[in-house]
Number of protein chains: 2
Amino acid sequence: MSEKALAYIKENRDDLLGRLNDFLSIPSVSTDSAHKQDIEEAAGFLVTYLTDIGFENVEKQKTPGHPLVYAEYNGAGSDAPTVLFYGHYDVQPADPLELWDSDPFKPEVRDGRVFARGSSDDKGQVFMHLAVFEAYMKTDGKLPLNVKVCIEGEEEIGSENLYDTLHEKKEQFDADFAVISDSGMVAENQPTILYGLKGFTGIEINVTGPDHDLHSGMYGGAIRNPIMALSHILASMKNEEEVITVDGFYDDVEPLTEEERKLIADVDGENYPEATGAPETVSEEGYTAKEHTMARPTFEVNGMYGGYQGEGTKTIIPSSATAKITCRLVPGQDPEKIQGLLEDHVRRVAPTGVTVDVKKEKLSAKAYKVEPEHDLIKKAANSYTKAFGKETVYVRMGGSIPVVEWIEGIYGMPIVLLGFGTPDDRLHSPNESFPLDSFDKGMETLVYYWNEVNGNK
Amino acid sequence: MSEKALAYIKENRDDLLGRLNDFLSIPSVSTDSAHKQDIEEAAGFLVTYLTDIGFENVEKQKTPGHPLVYAEYNGAGSDAPTVLFYGHYDVQPADPLELWDSDPFKPEVRDGRVFARGSSDDKGQVFMHLAVFEAYMKTDGKLPLNVKVCIEGEEEIGSENLYDTLHEKKEQFDADFAVISDSGMVAENQPTILYGLKGFTGIEINVTGPDHDLHSGMYGGAIRNPIMALSHILASMKNEEEVITVDGFYDDVEPLTEEERKLIADVDGENYPEATGAPETVSEEGYTAKEHTMARPTFEVNGMYGGYQGEGTKTIIPSSATAKITCRLVPGQDPEKIQGLLEDHVRRVAPTGVTVDVKKEKLSAKAYKVEPEHDLIKKAANSYTKAFGKETVYVRMGGSIPVVEWIEGIYGMPIVLLGFGTPDDRLHSPNESFPLDSFDKGMETLVYYWNEVNGNK
């Protein structure tokens, strides 16, 4: 059966790529309210597609924010297992636009990659799943297992409404296991099982001094400069050895075992300077960069701004300065507790002469780890290896997928992370892209996997 | 003679205010190339005005940048002294616009003040001089002394071309003394002789890490964050006691004498928190806020930016971060030497994993001090007192007027700073304004002064 589905995908590849481009051409940016209509259009694209494939109860579920697309397939019968497939159709903002070599919302194929915002995160990978469902339906007339589809439009802004939906509609979304393709492989064409993800939390620090920008000649020497105040605060939170210097931050961190350090050492790490353009690799004292990115917590200032940013000079003392901070957490750390520690630290070190306000990121998530020996995981590894013709490696990664923690917490079902992205995809950055190799072999992997898990009820 | 001129000013006040509004309505922002036409229009306004008054050789002198307006009056005869009057018709950018209570370029009178960008710095004060020249010509048919007018359009961007002009056209601009009205009084209606000004210099620090924004989950832990790197650099340049911690920064500073500290103590200082909205006054350890603002060097970050500044969160490691820094210098300090010290410091403390670039502000100026006992200064004090009915105080101020240092350096002529601004004028900030009291009594002061200095050849 899977042979026919595989053949279908090969024969219809151009058509599938064409429809992927239609999907990627919709600028479904969720952070920016200006894109509300595009969000609706992207959700509509999915509703139509799922209906055409033959899914039942296809609905664009209204939420206080962006709609959630839900659909069911029950044709595999009550003996077959039911999988909850999760993905998201919203994308990160494309700015700064001038750094893109082609329009982020006019997909373009160059050097075997599709360049477009969302090509890897996550519209490209969502599309592959739908294409594979289509392939089975068009050839076998049915899917090897029952499916519940959950594709949200708010992943890039914290999935707040999904969180509520998962709590309120437990019965509707419940399944035997979940599959998510919103992650990557350690290298192009290197099958990778992701058995651990980092948690996530954040704060925004707002420092206010005078109620308007001041002439630096008239008031310099009498008034605290909010940018300097914020710089002192930030410098006190992480030192130049990349050690986070917030009291208690590491207290609950599960120590890295020797086995785990070996597992990490075995993974071919990427050449960070080559992949990023940074002059050199810098990581936490006492840990390799691979260990730090995969299994140690991080603290990053994602943005900072205050005062004059235009051409030339403007001799002012700015009235305020802001820093946006997010942390990636590891097993053992509690997001709310970490937010508390960050806020306490900021308040303790805040200099005089300014008002410091700390906003806590509403949505946080604990880290996630699954047993690499689980049957559903081993089958995933086999499918990968069959499709890519290469041994599958097991890794933990620095990314965070809050929904993983929620599904586990609310439903207690096993979760399989089948990611096909690669380190060069430039997620969240200009020139995001996705390799056609991943597109082809990824769909192949999914065809095998649905077959293999047929018995897993 | 002066009586008639005074009467003329009173009788024609509404007309004068109307023409001031026309002048202030021209958005002559020099930093922003989009305002090139407005700059030309403002210069044109002055050319027309000076010609109508009866000045000779009125010219809009072309420069590589914005034009300089020059004019002469030689009708007082060879026995009368010649004054070089300097001012500028360009203004600071008006942003952030949303913080203005009325359009920055539609002057509005509220609570006895004219609200408009440039009302105090410096178009309002320039206009007062022309109005007084007009008053004398329309009444006496001549001015009490010969005048050379020099009004530039690049003061807010460093006066680069004026600097060259003053060097190249020494004969044309030479005079017996110079008068500049581009400063303020210590309080509204408190006649103030400014006998000292700070110097000025600056640098811009650019920190670059990866060549594009990175996903913080994929690379957090392997790559140095440019914002954190910049925060560490800035925090190392000035401590929380407001002491500049750059090696050698204070080496050449003329120490404050006890006499000077007393002179400063005698000036009624403003209530800084009340005037600025800052929660409290903060100044250099060991000095009062008045001493620091008037007579001690300062270091201010005027603007800083890097990474994501939009709504919500964006979990990236930004590819770069920038800080714009300017310092106000005191007598003894050499701007170029200070720039060198700042750059050396930045390079020394710059962390690994990033590339740090330091741009030096091209235009700098030494500090300026004049003898409070000079005859031209004492006459200015008398004119002030006559007009405002209050004793004149002598102060040094934190502002910098590079042209003062240049005129002194190139021509060696005495310079009198006749400023009529007030601490509440919000120079360089939203809601800049200028008191009508200063407008009226300021013109009165000028009428008296031109009379008094009649013999000063």
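All values derive from a computational prediction rather than experimental measurement.

This next bit is on the sheet that holds strand E5 (residues 113–115) of chain A. All names here are of chain A. The strand order across the open sheet built from three strands is E4-E5-E18, with neighbouring strands paired in antiparallel fashion. Across the chains shown, the open sheet's two edge strands, defined by having one partner strand only, are strand E4 (108–110) and strand E18 (433–435). Sheet twist, expressed as the average angle between the axes of neighbouring strands with direction ignored, equals 30°. Bridge analysis of E4 against E5 gives three bridges, and the strand direction is antiparallel.

Summarising the model, chain A shows a mean pLDDT of 94, and 100% of its residues fall at 70 or more. Scored as a complex, the prediction yields pTM 0.75 and ipTM 0.76.

Now for the packing of helix H1 (residues 2–11) of chain A against helix H15 (residues 436–452) of chain A. Residue and element names in this part refer to chain A. Remark: H1 packs on H15, axes separated minimally by 10 Å, with the N-to-C direction vectors making an angle of 160°. As judged from the angle between their axes, H1 and H15 are roughly antiparallel. Crossing of H1 over H15 shows right-handed handedness. Judged by residue contacts, Ser2, Ala5, Leu6, Ile9 and Lys10 of H1 engage Met443, Glu444, Val447, Tyr448 and Asn451 from H15.

Here we come to the sheet that holds strand E9 (residues 199–208) of chain A. Read across the open sheet, the eight strands follow the order E14(A)-E9(A)-E13(A)-E11(A)-E11(B)-E13(B)-E9(B)-E14(B); overall the sheet is antiparallel. The sheet is open, and its two edges are formed by strand E14 (355–360) of chain A together with strand E14 (355–360) of chain B, each paired on a single side. Taken pair by pair, the neighbouring strands of this sheet meet at an average axis angle of 20°, ignoring direction. Of the pairings in the sheet, the one linking strand E9 (residues 199–208) of chain B to strand E13 (residues 320–329) of chain B comprises 10 bridges and is antiparallel in character. Directly across from Gly202 of chain B, in E13 of chain B, lies its bridge partner Thr326 of chain B.

Our next topic: the pattern of salt bridges. Applying the stated criterion to the full structure yields 54 salt bridges over all chains. The residue Arg426 of chain B makes a salt bridge to Asp211 of chain A at a minimum N-O spacing of 3.9 Å. With Arg426 of chain B in the loop between strand E17 (415–417) and strand E18 (433–435) and Asp211 of chain A in the loop between E9 and strand E10 (214–215), this pair bridges two chains. Taking the relative accessible area as the measure of exposure, Asp211 of chain A reaches 49% and is therefore partly exposed. Linking Lys262 of chain B and Asp266 of chain B is a salt bridge whose minimum nitrogen-to-oxygen distance equals 2.8 Å. In this pair, Lys262 of chain B and Asp266 of chain B are both assigned in helix H9 (residues 258–266), four residues apart and thus about one turn of the helix distant.

Below, the discussion takes up the interface of chain A and chain B. The partner chain B presents 90 residues to the 90 residues of chain A that form the contact. Summed over both sides, the interface of chain A with chain B buries roughly 7,800 Å², with 52% coming from carbon and sulfur. In this structure, the connection of chain A to chain B is made through four salt bridges. With its nearest N and O atoms 2.9 Å apart, the salt bridge here joins Arg224 of chain B to Glu242 of chain A. Here chain A is connected to chain B by 48 residue pairs in polar contact (both at pLDDT 80 or more). Residue assignment for the side of chain A that touches chain B shows that the elements contributing at least two residues are E10, helix H7 (216–219), helix H8 (226–235), helix H10 (272–276), helix H11 (289–295), strand E11 (298–307), strand E12 (316–317) and strand E13 (320–329) of chain A. Top element by residues in the side of chain A that touches chain B is E11 of chain A. It accounts for 10 residues. Tallied by class, residues from the side of chain A that touches chain B come to 32 nonpolar, 39 polar and 19 charged.

Now for the side chain of Asn225 of chain B. With respect to the secondary-structure elements, Asn225 of chain B resides in the loop between helix H7 (216–219) and helix H8 (226–235). Among the residues examined, Asn225 of chain B registers a relative accessible area of 0% and is labelled buried. In terms of polar contacts, Asn225 of chain B uses its side chain to reach the backbone amide nitrogen of Ile227 of chain B, at 2.9 Å. Those residues in contact with Asn225 of chain B, other than ones at most four positions away along the chain, are Glu300 and Val301 of chain A together with Ile317 and Pro318 of chain B.

Let us now look at the side chain of Asp38 of chain B. Residue and element names in this part refer to chain B. Summarising the element assignment, Asp38 is placed in helix H3 (residues 36–53). No salt bridge is formed by the buried Asp38; its nearest oppositely charged neighbour, Lys123, is found at 8.9 Å. For Asp38, the residues in contact, after removing those within four places along its chain, are Ile26, Pro27 and Ser28.

What follows deals with unusual backbone geometry. Following Asp95 of chain A, the chain continues to Pro96 of chain A via a peptide bond in cis, the omega torsion being -5°. Turning to its location among the elements, Pro96 of chain A is positioned in the loop between strand E3 (82–88) and E4. The phi dihedral of Asn189 of chain B is positive, around 60°, even though this residue is not glycine. Tracing the chain through its elements places Asn189 of chain B in the loop between strand E7 (177–180) and strand E8 (192–197). Positive phi values are uncommon outside glycine, yet His428 of chain B reaches one of about 65°. Turning to its location among the elements, His428 of chain B is positioned in the loop between E17 and E18. By relative accessible area, which is 4% here, His428 of chain B ends up buried.

Okay, the domain arrangement of chain A next. Residue and element names in this part refer to chain A. Structurally, chain A comprises domain 1 (2–197 + 367–453) and domain 2 (199–253 + 297–360). Averaged C-alpha coordinates put domain 1 and domain 2 at centres separated by 36 Å. Contacts between domain 1 and domain 2 engage seven residues on the former and six residues on the latter. When domain 1 packs against domain 2, close to 500 Å² is buried across both sides, 56% of that on carbon and sulfur atoms. Looking at the side of domain 1 facing domain 2, the largest losses of area belong to Ala367, Arg396 and Ser400, adding up to 70% of the total buried there. Our count for the domain 1 to domain 2 interface comes out at zero salt bridges. The residue inventory of the side of domain 1 that touches domain 2, partitioned by class, reads two nonpolar, three polar and two charged.

Our focus in this paragraph is H3 of chain B. Residues and elements named next belong to chain B. The end-to-end C-alpha distance of H3 is 26 Å, a good match for the 26 Å that 18 residues give at a rise of 1.5 Å each. All of the buried residues in H3 are Asp38, Ile39, Ala42, Ala43, Gly44, Phe45, Leu46, Val47, Tyr49, Leu50 and Ile53. Buried residues along H3 sit in contact with helix H2 (13–24), strand E1 (56–61), strand E2 (68–73), helix H4 (123–140) and strand E6 (146–152). The positive-phi residue at the C-terminal boundary of H3 is Gly54, with phi of around 120°.

What follows deals with the relation of the copies chain A and chain B. Note that the two copies of the chain are related through a rotation about an axis and a translation along the same axis. Each copy superposes on the other: chain A lies on chain B with an RMSD of 0.1 Å after a rotation of 180° and an axial shift of 0.0 Å. Here the copies are linked by what is in effect a two-fold axis. Looking at chain A, 100% of its interface residues are interface residues in chain B too, so the copies touch through the same face.

Right, let's get into the pairing of E1 of chain B. If a strand is regular, its side chains alternate between the two faces of the sheet. Residues and elements named next belong to chain B. Looking at chain direction, E1 and E2 are connected through four bridges and run antiparallel. Looking across to E2, one finds that Lys60 is bridged to Val69. Between E1 and the antiparallel strand that follows it, E2, lie six residues.

Reading the values: rules and limits
Residues numbered from 1 in each chain as written. Chains lettered and ligands numbered in written order. Predicted model: local features only at pLDDT ≥ 70, side-chain atom pairs only at ≥ 80, totals over all residues. Heavy atoms only, no water. Pairing = 2+ DSSP bridges. Helix = DSSP H or I, 4+ residues; strand = E, 2+ residues; numbered from the N terminus. Axes fitted to C-alpha atoms, helices over the stretch in contact; angles between N-to-C directions. pLDDT = per-residue confidence, 0-100. Parallel < 35°, antiparallel > 145°, perpendicular 65-115°, else oblique. Left-handed = near helix turned anticlockwise from the far one by under 90°. Contact = heavy atoms within 4.5 Å. Salt bridge = Lys/Arg side-chain N within 4 Å of Asp/Glu carboxyl O. Buried < 20%, exposed > 50% of the residue type's maximum accessible area, 1.4 Å probe, protein only. Buried area = accessible area lost by both parts, 1.4 Å probe. Polar contact = N/O pair within 3.5 Å; in protein donor to acceptor, adjacent residues only side chain to side chain. Nonpolar A, V, L, I, M, F, W, Y, C, P; charged D, E, K, R; others polar. Lys, Arg positive; Asp, Glu negative; His and termini not counted. Domains from an automatic or database assignment. Expected span 1.5 Å × (residues − 1). Least-squares fit on C-alpha atoms with pLDDT ≥ 70 in both.

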